[in-house]
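Below are the chains, spelled out letter by letter.
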Amino acid sequence: MNMRVKGERAFKVVGTRPPRPDGVDKVIGRALYGADVSAPGMLTGHILRSPHAHAEIVSIDTSAAEALPGVKAVITSGDFGVPEDSALRDVQDHCMARGKVLYDGHAVAAVAATSPAVAKAALKLIKVEYRKLPHVTDVDEAMKPDAPVVQSGLVHETVAPGFSENVTSYCEFGHGDLEAGFAKADRIIERSFTTAATHQGYIEPHACLASMNADGKADLWCCTQGHYHVRAVCSAILGMEASQLKVTASEIGGGFGGKTTVFIEPVALALSRKSGRPVKMVMSRDEVFRATGPTVATSTDVKIGMTKDGRITAAEARLRYSGGAFPCGTVEMGAQAAFAPYDLDAVRTYGWNVLTNRPKEASYRAPGAPQAIYAVESVVDELCLELGLDPLDVRVKNAAQKGTLSSYGPTFDDIGLMATLEAAKAHPHWSAPLGPNQGRGFSAGFWFNFGGNTCVTLNINTDGTVSVTEGNPDIGGSRASISQMAAEELGVPYEKVRTVIGDTTSIGHSDITDGSRVTFAVGLATIKAARDAIQKMCSRVAQIWGIDEEAVVWEDGYVKPASPNAGDFKPMSIEEIAAISFQTGGPIAGHHEVNAEGAGVSFGVHIADVEVDPETGATKVLRYTVFQDAGKAVHPDYVEGQMQGGAAQGIGWALNEEYIYGEDGRLQNPGFLDYRVPVASDLPRIEPVILEIPNPGHPYGVRGVGETSIVPPLAALSNAVSRALGVRMTRLPMSPPTILKAVSAAGV
Amino acid sequence: MKVKIWGSLRRFTDGRGELEVEAKNFKQVLDGLAEQYPGLKPQIERGVSLALDGRIYRESWFAEVRPDSEVVLMPYMTGG
């Protein structure tokens, strides 16, 4: 059998914009989300949460709650074991406090009852005796040697002596001689920046339905970005074998990294185990804010030296990230990403992770990168202003390219930063005039992108249509993209292919839908599964024709003789081959299982225009343009959606969103009225410009696109506001009070 | 072959940022590093990635490492 491989592939399906297969169901309300599943005899589960930021749990008395009619189970941490694995123990302790509550909203007990009213009444009957402890929610305060210690015994060997025990890890990256580099600079600027913790802000709260049988088998339906991960974590926490827990992912109303772990799922399973009944749990918005993962809060110092003509001579950054009350490695990602867009002879980043009395951080689109790049790009912008240089020209002059030794270690292969910069320079947005109180900001951005473990089964149905089963929840339109790649490879119309997300018993392990990996990795596995099926179909037709497999080819949905020498046979279509599959060896399917590597990094650059009202401090975003290297854009609508969505979330992060803690360590704004995400009327049209620099690590040149777009907006907005005001902004969010305070302090 | 490590690990390698290891694949790189520099073991056990000629591998033990490959040890990468 021959695979016809074309050098410059002319795509027929990939690159088109078919309607999304889940669109109608979502618009008319038929799609089943996490809270939409029910079961006979189902109970309602509710969680009692800590009112304190930090306290010892002296005792918990659940007897009165258990005696309340309608209550079928009450659980505390005593209903779980203590995992040996530290990462698993952290996840479990985050779901249910053990010994201490570590943040406002930390779960201490849970109830399953016959109605929500009974469950809520039961929560009030649980008596918890706390001994309040000093708390700390600010990252810089938490690093001080005399700070209240959130958790002891978690410090990695990488941390030098002298810090609080809250400092759990340290990292350092870079190369070159900083001292010599700074000595060459004509101007050096040092600045400190802070960013607030922000929530992923998905519309759908966490929800699940757990049902455990008396024989120990269990079913779990939940909204998640990775149901295999949910199975692994929950089965380990519950002491079950993974095969006995079947997890089905619902439709998902947004995740953005926040649904890459578990919060209520082990609790629901434990309640079901104890009550013998199915238990449904749905978080309130208050619970989502208080007890699920926001991103890290950060404090960063940046120092950059530049020559008069715009060449960066040396750069360093010190990053302090807090991922809440449990260790996390997000600062490592920020420290690696900080200077990635630049070709630097001397660069160094230093990062510390710090515990605070906040909920455990969960990933949020390109975790760690937006905060670091915000600080770096702000200083680059300030240098450009002071030296009278065009900020885009300076990025071009210093841009990382193929062959650049990256700031985090490896040498870059094919990358698309220069192409995005050139596209931005040529775009009319860059040269459009600005009015009074208006400013234009620019920022580059970067993300690594991953592949990961992936299984795909592609069945050729007996009518010649195609069913693809994969294991990654569709959070950004992947079912359409996967169907397109299957159709492309098989040479059949898109409409002949349907892709579904299998439960954990129907297909092998697939990693979480994260790291911008699905279109890359699942797409790669789908293409190879299609090639597997093609090989089988070619083999069968060759047998029918009585010629060698090498003498046939697959082309546009047909098996054909490879050349006139192979014989004079009428090409057989996929429908004809499928129709006789029972007679030629049985059903036809292709499979591929892979740990896909080589995802290829991604760059993007953003331009933002704002107008700032000097009287109120309110900022209006006037115009916004996103340029991003997407590799081959499989479904351009979805690529543009990712670019626009990341920009919108980044605009919210830059202007308004923030976790606000009171002196008592309690979250002051756990709701969308007080935690303000941008709505449609806050945003201009976000213009996406896709650059297609093929990724050599993928058969179609695909790169991940889901995360890079949230990296540049923080600095693009901050630079725009700073230029509009004539005052350098150093704190996010730039809410009106923050802007007025900065203006007042600067005496403008 | 030479393996570059990130800066904060140098305290476990006598200050060296480039280490010599005999290896033909990802797994052998990690085994070689852990054997020669036991101070790196806790980090390797927590998780690391490897960049081979500019491409990042998170887990693939059998990813080939050629004598002239650029090999860079990196933290285990996570995404959102």
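Small disclaimer: the values here were computed from a predicted structure and weren't measured.

So, how was this worked out
- Residues numbered from 1 in each chain as written.
- Chains lettered and ligands numbered in written order.
- Predicted model: local features only at pLDDT ≥ 70, side-chain atom pairs only at ≥ 80, totals over all residues.
- Helix = DSSP H or I, 4+ residues; strand = E, 2+ residues; numbered from the N terminus.
- Buried ≥ 20, exposed ≤ 12 C-beta atoms within 10 Å, placed from the backbone.
- Contact = placed C-beta atoms within 7 Å.
- Pairing = 2+ DSSP bridges.
- Axes fitted to C-alpha atoms, helices over the stretch in contact; angles between N-to-C directions.
- UniProt positions renumbered as here; feature names shortened; annotations may be inferred.
- Left-handed = near helix turned anticlockwise from the far one by under 90°.
- Nonpolar A, V, L, I, M, F, W, Y, C, P; charged D, E, K, R; others polar.

1. Examining the overall build of chain B
Logical step 1: Helix and strand counts for chain B come out as two helices and five strands.
Logical step 2: C-alpha extents for chain B along the principal axes are approximately 35 × 25 × 20 Å.
Logical step 3: Relative to its 80 residues, chain B shows a buried fraction of 39%.
Logical step 4: For chain B, the share of sequence-separated contacts (at least 6 apart) that also reach a separation of at least 24 residues comes to 49%.

2. Digging into the pairing of strand E7 (residues 167-175) of chain A
All names here are of chain A.
Logical step 1: Summarising burial for E7: seven of the nine residues are buried, a large majority.
Logical step 2: Across eight bridges, E7 lies against strand E15 (residues 347-354) in antiparallel orientation. Looking at E15, one finds that His175 is bridged to Val347.

3. Quick word on the sheet that holds strand E27 (residues 731-732) of chain A
All names here are of chain A.
Logical step 1: Here we have six strands laid out as an open sheet, ordered E7-E15-E14-E13-E8-E27, and mixed in their pairing. What marks the edges here is a single partner per strand, and that holds for E7 and E27.
Logical step 2: The pairing of strand E14 (residues 312-322) with E15 spans eight bridges and is classified as parallel. Note on E15: the bridge partner recorded for Leu319 is Gly351.
Logical step 3: Of the strands in this sheet, strand E8 (187-195), strand E13 (297-306), E14 and E27 are in contact with helix H11 (residues 369-387), which crosses E8 at around 145 degrees.

4. Observations regarding the sheet that holds strand E18 (residues 466-470) of chain A
Residues and elements named next belong to chain A.
Logical step 1: The mixed open sheet is built from four strands, whose spatial order is E19-E18-E17-E23. Two strands lie at the open edges of the sheet, namely strand E19 (497-501) and strand E23 (588-596), each paired on one side alone. Adjacent strand axes in the sheet meet at a mean angle of 15 degrees, parallel and antiparallel pairs treated alike.
Logical step 2: The pairing of strand E17 (residues 452-460) with E23 spans nine bridges and is antiparallel. Within E23, the position partnered with Thr454 by the bridge is Val594.
Logical step 3: The sheet strands contacting helix H16 (residues 518-545) are E17, E18 and E23, and the helix crosses E23 at an angle near 145 degrees.

5. Here's the deal with the UniProt feature "domain: Aldehyde oxidase/xanthine dehydrogenase a/b hammerhead" (unreviewed entry) in chain A
Logical step 1: On the UniProt side, "domain: Aldehyde oxidase/xanthine dehydrogenase a/b hammerhead" (unreviewed entry) is annotated at positions that read residues 28-134 of chain A here.
Logical step 2: Annotated as 24% helix and 32% strand, the span residues 28-134 of chain A places its first and last C-alpha atoms 50 Å apart.

6. Side note on the packing of helix H10 (residues 330-337) of chain A against H11 of chain A
Residues and elements named next belong to chain A.
Logical step 1: Contact geometry for H10 and H11: axes closest at 8 Å, N-to-C directions at 40 degrees. For the crossing formed where H10 meets H11, the hand is right-handed. Note on element contacts: H11 touches H10 through Ala369, Gln371, Ala372 and Ile373, opposite Met333, Gly334, Ala335 and Ala337.
Logical step 2: Of the residues contributing to the contact of H10 with H11, the split by class is six nonpolar, two polar and no charged.

7. Topic: the interface of chain A and chain B
Logical step 1: Facing the 35 residues of chain A at the interface are 22 residues of chain B.
Logical step 2: Where the side of chain A that touches chain B is concerned, the elements lending two or more residues are E7 and H10 of chain A.
Logical step 3: Top contributing element to the side of chain A that touches chain B by residue count: E7 of chain A, with five residues.
Logical step 4: Looking at the side of chain A that touches chain B residue by residue, the class counts come to 13 nonpolar, 13 polar and nine charged.

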